[in-house]
Every structure is written in structure tokens, then in C-alpha cells.
Amino acid sequence: MGRGCDLGGGKVPGLVLRLAIPTMLAQLVSVLYSIVDRIYIGSGVGDLALAGVGVCGPIVTLLTSFACLVGQGGAPIMAMRMGEGRLDQARQVLHSSFRLLVAISVALTAVFLLVKEQLLWWFGASSDTFGYADTYLTIYTAGTVFALLSTGMNSFLICQGFSGLGMATVMLGAGLNIALDPLFIFVFHMEVAGAAWATVLSQFASCLFVLLALSRKKMPVPLGWRHFSWRSVGQVVSFGVSPFLIIASDSVLLIVLNTMLQRFGGPGEGDVLITCATIVQSYLLLITMPMGGITLGSQPVVSFNYGAGNTRRVVDALKMIVGLCLTFCAVMMVVTHTLSPLFVGLFTSDSQVAERSVGYIKIFTCMILPLAVQYPLVDETTAMGHVRQALFCSMFRKALFLACLVGLPVLVSAEAIFLSEPIADLCAATVTTVLFLRRLPQLLSAAGGGALQEN
């Protein structure tokens, strides 16, 4: 089903490309989960339905953050243990992470089904969009266990060098989702419910695939149930709190974004602005998800060699990863200014909504080159186990974003909210770069097993 990588001996540029490119492509394909849903909903059901699904976005993001807590928390530790030659401890991390993720998934399903209606009203639903939002979220939440297991456990495939299998996991789900969406929405006339069921069934297929792949005896560290360790759980949560808070805070920011647009946009205009924001956020995912695939997919190279104490390979990997992110974002800047009208046209036939969305996209993404530095420095600092610095840099950006979301509509207008992203990207990337370069010698001096002592 796939081949692993020689994380400690292969040439670093080739290793980074071999791990990062499939994961980047997988993340790009995974964007289709939400984008395809929104395209079919916008064109087949209407702009109000699109706004309703957009209101669900923060809740879906919040659920995803728990998969990152376990997956992105456990995978770097597992890679370090493999680099140190401690396969028994790597096995404990994998088995403990699996059991933890199952428990979290069941608990979240129960909680969110109980409180979903109140959450939707708080998060920007209107009387016109609530019905669509409630239908979509009810069905999606029922499949939480599949969503979290497929996303969280896929990180443990990638960290063992099987990025091709990781890509296959995501592409299986996305491909099935693309096929089922038009069938359920247009043929069976299930509308928003059809989009939600297509997503849940696709996530079930991805979940089944990743669990079967991890259970193979050919895996360096196969999946199992027996080797549970509370100490491993503590380490996973400690490492995972940074990516968890990063993703969870995105949910909070989306909530504030929708709420402020609804409040300061006013009746009618608020729903239009949320529709535009849903399209803008969908486009931004085309940039941030693949870039996250580059940084997260290449983490095993950094983590393994950091655990092995090979700092030269760590530095070479960092340079390669930053270069890939900058190249990707430079290409996406060209795409933004040439093809974004075509992208927006997939979501809406309303010329006013389309024109405004294109303008907002260009504003929202004008500082993605600084973001291309921010992403790898934060994620690879996490890969080296120094989660406090990574968390500070990420939360600094979120705090700036939040301040702009709250302040700009009060001081300027509701539309000014779309300036929040570029302001936060530029300021945060500057601070992150300065801190990283100053602390890099200290980070490298802790290589070979010192990372866990910080946390």
C-alpha cells in the first residue's frame, strides 16, 4: 500500500519533497470536503443556505481541533521515539493516542448534539438561515467519530514516513464526497441534508482506510489497543495543546467574524456579508490547508532528526520547508489576481455578491507571503517539541486578528473586517521570525531528547 522513508539517512531535500508534496496535495484535496459542499449548496439550494452552512464552519473547525490535539500532539513524539530507537515507547504513544481519540469523539458527539441549537444562534445564524444550519450541523455532528479518527490517526501514518498512504486517506474521502454530493442534492433532492450525509459517509470511508492501514504488520509501529500509558497521554496532550489552541482559536475568530458582520451589517446586508465571508474563507483554505500540508507533512523529518540529535539535517529541512511555503504562496498570489472570479462564480450567480467576494478575497490574501514564513516556523518549532514558543507566536497572531475583528467595524465599517487577516499576517510573521532566529541556537542545543523537559 505504500513505502516508508529513511528519515535519518535519506537526502534531506528529497525527504522533505517526498513527505511534503503528497501531504500538501492531500490537504488541497481535503479542502474539497467543505468547498464542494458549499459550491453545490450555493448553486443548487441558494445563497441563504450557503450562509447557513457558513455559520456551521466555526463548529466544524472546533471539532477538528480535537483531532489535531491528539494527531499533531502524538505524531511528533512518536517520530522522536522512533529516531531515538525506542519503539516500545513509540507503540505506547500510538495506542494511547487511539484510545484517547475514541473517548474524545464519543464525548464531543453527545455534548454538541445537546447544545447545537444555542450555539448556532450565538454564532451568527438568523431566522432565515437557522433551518439550513441546524440540518447540516445535526447530521455532521452525528459523524464526529469518523471525522476525528480519520484526521487524527492519519498523522500517525505520515509520521512513520507513509505520506502516500496519508494522501490516499484524504483523497478517498474527498473523491467519495465529490461523487455523492450531486447525487444526494440534485438527484435525491436532499438539499443541505444531502451535503451533510455525503460528508459523513466520506469521512467513514477515510476512517476505515486509515485504521486498516495503521493495523498492518508491515508498519514499523502498527496500531493496537493494549499498550496504553497515562504518561503517554499526558505527553500527547502537552504537545498537542499548541495545534489544538491554534485550530480552536480559529473557530472563535470565525464566530466573531460572523457575529460582527451580522451585527454591523444589519438586516439583509449581514446575511450578504456572511455569504461573501463564507466564499472568502473557502478560498483562503486553498492556501492555508496545502501550506499546512507542507509544514505538517515534513514534520517527521524534523522530529526524527531532532530526536536523533542530527542538528545539521534539522536546519537543512527548515530551509527547504520555508522555501516550499514561499514558492507555493507566490504562485497563489498570481492565482488570486487572475482566477479568483472563476472560483467565486462556482458559488453564486448573484453578480453583486460575486463582485464583492472577489474584492474581499484580494484584500484578505494580500499578505500571504509573510504567512508563508509564519506557518513553517510555528509548526516546525512544535516538531522540535518547543510548544510554548510555537503557541505564543500563533496566539499573538490570533490576538491581533481578534482585535481587528472587534475594532475595525466600530471604527470604520463592517466591510473593514476583511482587513483583519492581512494586518495580523504581516505583524505576526515579523515577530515570529525575530523570535525564531534569536532562539534557534537554543532550540538546536536541546536536540537529542531535551525537548520534553521544556513541557
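See above for the structure.
First, a word on scope: everything that follows refers to the structure included in this document. (Residues numbered from 1 in each chain as written. Predicted model: local features only at pLDDT ≥ 70, side-chain atom pairs only at ≥ 80, totals over all residues. Heavy atoms only, no water.)

**What to know about helix 8 (residues 230-265)**
Okay, step 1: Under the 1.5 Å per step criterion, the end-to-end length of helix 8 is 49 Å for 36 residues, consistent within 8% with the ideal 52 Å.
Okay, step 2: Approximately 45 degrees is the largest bend angle found in helix 8, and it occurs at glycine 240, with the proline proline 243 only one to four residues beyond.
Okay, step 3: Where helix 8 begins, one side-chain oxygen reaches toward the backbone nitrogen of arginine 231, 3.3 Å away; that side chain belongs to serine 229.
Okay, step 4: Immediately beyond the C-terminal end of helix 8, within one or two residues, lies glycine 266, with a positive phi of roughly 85 degrees. (Helix = DSSP H or I, 4+ residues; strand = E, 2+ residues; numbered from the N terminus. Expected span 1.5 Å × (residues − 1). Bend = angle between axes of the 7 residues up to and from the residue. Polar contact = N/O pair within 3.5 Å; in protein donor to acceptor, adjacent residues only side chain to side chain.)

**Focus: the environment of arginine 86**
Okay, step 1: Relative to the helices and strands, arginine 86 is located in the loop between helix 2 (47-83) and helix 3 (87-122).
Okay, step 2: Spatially, the C-alpha atom of arginine 86 lies 48 Å from that of isoleucine 363, the residues being 277 residues apart in sequence.
Okay, step 3: Reaching out from arginine 86, the side chain makes a polar contact with the side chain of glutamate 84 at a distance of 3.5 Å.

**A look at the packing of helix 3 against helix 4 (residues 130-142)**
Between two packed helices, what matters for the description is the angle formed by their axes and the separation of those axes.
Okay, step 1: Where helix 3 contacts helix 4, the two axes come as close as 10 Å, and the packing angle between them is 165 degrees. Here helix 3 lies roughly antiparallel to helix 4, going by the angle between them. For the pair helix 3 and helix 4, the sense of crossing is right-handed. Two secondary-structure elements touch here, helix 3 through Thr109, Phe112, Leu113, Lys116, Glu117, Leu120 and Trp121 and helix 4 through Phe130, Ala133, Asp134, Leu137, Thr138, Thr141 and Ala142. (Axes fitted to C-alpha atoms, helices over the stretch in contact; angles between N-to-C directions. Parallel < 35°, antiparallel > 145°, perpendicular 65-115°, else oblique. Left-handed = near helix turned anticlockwise from the far one by under 90°. Contact = heavy atoms within 4.5 Å.)

**Notes on the nonpolar core**
Okay, step 1: Met78, Leu120, Leu148, Met153 and Phe343 are the most contacted members of the largest nonpolar core, which totals 136 residues.
Okay, step 2: In terms of residues, this core owes the most to one element, helix 2, which gives 19 residues. (Core = buried A, V, L, I, M, F, W, Y, C linked by side-chain atoms within 4.5 Å. Buried < 20%, exposed > 50% of the residue type's maximum accessible area, 1.4 Å probe, protein only.)

**Side note on the environment of glycine 124**
Okay, step 1: Structurally, the position occupied by glycine 124 is in the loop between helix 3 and helix 4.
Okay, step 2: For the pair glycine 124 and valine 406, spaced 282 residues apart in the sequence, the C-alpha separation amounts to 15 Å.
Okay, step 3: In this structure, glycine 124 is in contact with Val55, Thr259, Gln262 and Ile274, ignoring residues within four places of it in sequence.

**Let's talk about the side chain of serine 249**
Okay, step 1: Inspection of the secondary structure puts serine 249 in helix 8.
Okay, step 2: Overall, serine 249 belongs to the buried group, its relative accessible area being 11%.
Okay, step 3: Excluding residues within four positions of it along the chain, serine 249 makes contact with Met395 and Lys398.

**Let's talk about the pattern of salt bridges**
Pairing between side chains becomes possible if they bear opposite charge and their charged atoms approach one another.
Okay, step 1: This structure, assessed with the given rule, holds nine salt bridges.
Okay, step 2: For aspartate 316, the salt bridge goes to arginine 312, with nearest N and O atoms at 3.7 Å. Placement of the pair is aspartate 316 and arginine 312 together in helix 11 (residues 311-345), with a separation of four residues, close to one helical turn.
Okay, step 3: Under the relative-accessibility criterion, arginine 312 is labelled exposed at 60%. (Salt bridge = Lys/Arg side-chain N within 4 Å of Asp/Glu carboxyl O.)

**Some thoughts on a nonpolar patch on the surface**
Okay, step 1: A contiguous nonpolar patch, built from Leu183, Phe186, Val187 and Phe188 and spanning about 360 Å² of accessible area, is present on the exposed surface.
Okay, step 2: Considering the arrangement of structural elements, one finds valine 187 in helix 6 (residues 163-187).
Okay, step 3: On the basis of relative accessibility, which here comes to 51%, the residue valine 187 falls in the exposed class. (Patch = residues over 30% accessible without salt bridge, like charges linked within 9 Å, V, L, I, M, F, W, Y side chains within 5 Å. Areas by Shrake-Rupley, 256 points an atom, 1.4 Å probe, with all protein chains shown as cover.)

**What about the environment of leucine 208?**
Okay, step 1: Counting through the fold element by element, leucine 208 comes out in helix 7 (residues 191-214).
Okay, step 2: Here leucine 208 falls in the partly exposed class, since its relative accessible area comes to 46%.
Okay, step 3: Along the primary structure leucine 208 and methionine 260 are separated by 52 residues, whereas in three dimensions their C-alpha atoms are 40 Å apart.

**Some details on the packing of aromatic side chains**
Okay, step 1: Applying the stated criterion to the full structure yields 14 aromatic pairs.
Okay, step 2: On the basis of an interplanar angle of 85 degrees and a centroid distance of 5.0 Å, the ring pair of phenylalanine 228 and tryptophan 230 is categorised as edge-to-face.
Okay, step 3: Since its relative accessible area comes to 69%, tryptophan 230 is described here as exposed.
Okay, step 4: An aromatic cluster is built from Tyr360, Phe364, Phe401 and Phe418, whose rings are joined through pairwise contacts. (Phe/Tyr/Trp six-rings, centres within 6.5 Å; stacked < 30°, edge-to-face > 60°.)

**Focus on the state of the cysteines**
Okay, step 1: Tallied over the entire structure, the rule returns zero disulfides.
Okay, step 2: In this model cysteine 325 remains outside any disulfide bridge; the closest cysteine sulfur is found in cysteine 329, 6.7 Å from its own.
Okay, step 3: For the unlinked cysteine cysteine 366, the closest cysteine sulfur is that of cysteine 427, found at 12 Å. (Disulfide = S-S within 2.5 Å.)

**Concerning the packing of helix 10 (residues 299-307) against helix 11**
Okay, step 1: Put simply, helix 10 and helix 11 touch, their axes get as near as 9 Å, and they point 165 degrees apart. Taken together, the axes of helix 10 and helix 11 are roughly antiparallel relative to one another. Between helix 10 and helix 11 lies a crossing of left-handed hand. Contact residues: helix 10 offers Val301, Val302, Asn305 and Tyr306, while helix 11 offers Arg313, Val314, Ala317 and Ile321.
Okay, step 2: Class assignment of the residues belonging to the contact of helix 10 with helix 11 gives a composition of six nonpolar, one polar and one charged. (Nonpolar A, V, L, I, M, F, W, Y, C, P; charged D, E, K, R; others polar.)

**Brief notes about unusual backbone geometry**
Okay, step 1: One non-glycine residue, histidine 189, adopts positive backbone phi at about 55 degrees.
Okay, step 2: Counting through the fold element by element, histidine 189 comes out in the loop between helix 6 and helix 7.
Okay, step 3: For histidine 189, a relative accessible area of 62% gives the class exposed.
Okay, step 4: The residue glutamate 191 is not glycine, and still its phi comes out positive at about 55 degrees.
Okay, step 5: Looking at where glutamate 191 falls in the secondary structure, it is placed in helix 7.
Okay, step 6: According to the relative accessible area criterion, glutamate 191 is partly exposed, its value standing at 43%.

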